[in-house]
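An overview of the molecular structure
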Amino acid sequence: MEQEITRNKSQELIVQLMYSFLMLEKNNIPINFEVAVEEVCKLPYADCDVYLKEVLIKSLKNQSKIIEYISRFLINWTFDRLNTTIQAILITSAVEYFIEDLETDKAVIINNAVKFAKKFGDGGEKDYKFVNAILDKCLNGKGINLLLD
């Protein structure tokens, strides 16, 4: 039976897991998705939050499309130069925004991303201001449809 956790806690776990997946990828270590989700949620995979699994699966499946899209809004930066925490926050925030059936408000997504940048980032004020600015530009209902798989 799925254990209820708050949406905010799910979002925090999503960022933590995406960070882990990005680190594994950078070190050419295979990702065992179900085991990682179980370890972070401290539940059997089948009982983990559906929202969490959906956002993570879409983040991984569409990672290159999302990075390409976000990169359009990075001035004098490339995505790979961003620290891994900020990469995880940007990827998962874009997925949450562009999942069609959620219709989550842009301000809510940005506020959560800023909160996570403050909590997990190591660049201080620069991190959360950067996240705020980039997401404000790229989370646009009139922007491209990421056609998330």
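Being a predicted model, the structure only gives us computed values, none of them experimental.

Parameters and conventions
- Residues numbered from 1 in each chain as written.
- Predicted model: local features only at pLDDT ≥ 70, side-chain atom pairs only at ≥ 80, totals over all residues.
- Heavy atoms only, no water.
- Core = buried A, V, L, I, M, F, W, Y, C linked by side-chain atoms within 4.5 Å.
- Buried < 20%, exposed > 50% of the residue type's maximum accessible area, 1.4 Å probe, protein only.
- Helix = DSSP H or I, 4+ residues; strand = E, 2+ residues; numbered from the N terminus.
- Contact = heavy atoms within 4.5 Å.
- Salt bridge = Lys/Arg side-chain N within 4 Å of Asp/Glu carboxyl O.

What follows concerns the nonpolar core. Residues Val 37, Leu 56, Leu 90 and Leu 139 are the most contacted members of the largest nonpolar core, which totals 45 residues. Only helix H1 (7-26), helix H2 (33-41), helix H3 (50-61), helix H4 (63-71), helix H5 (84-98), helix H6 (106-120) and helix H7 (125-138) provide two or more residues apiece to this core. If you tally residues by element for this core, the top one is H5, at nine residues. Once residues within four sequence positions are removed from consideration, Val 37 is found in contact with Leu 17, Lys 42, Tyr 45, Cys 48, Leu 52, Lys 53 and Leu 56.

Here we take up the pattern of salt bridges. Inspection of the entire model under this criterion finds three salt bridges. Notably, a salt bridge pairs Lys 106 with Asp 136, separated by 3.3 Å at the nearest N-O pair. Placement of the pair is Lys 106 in helix H6 and Asp 136 in helix H7, with a sequence separation of 30 residues.

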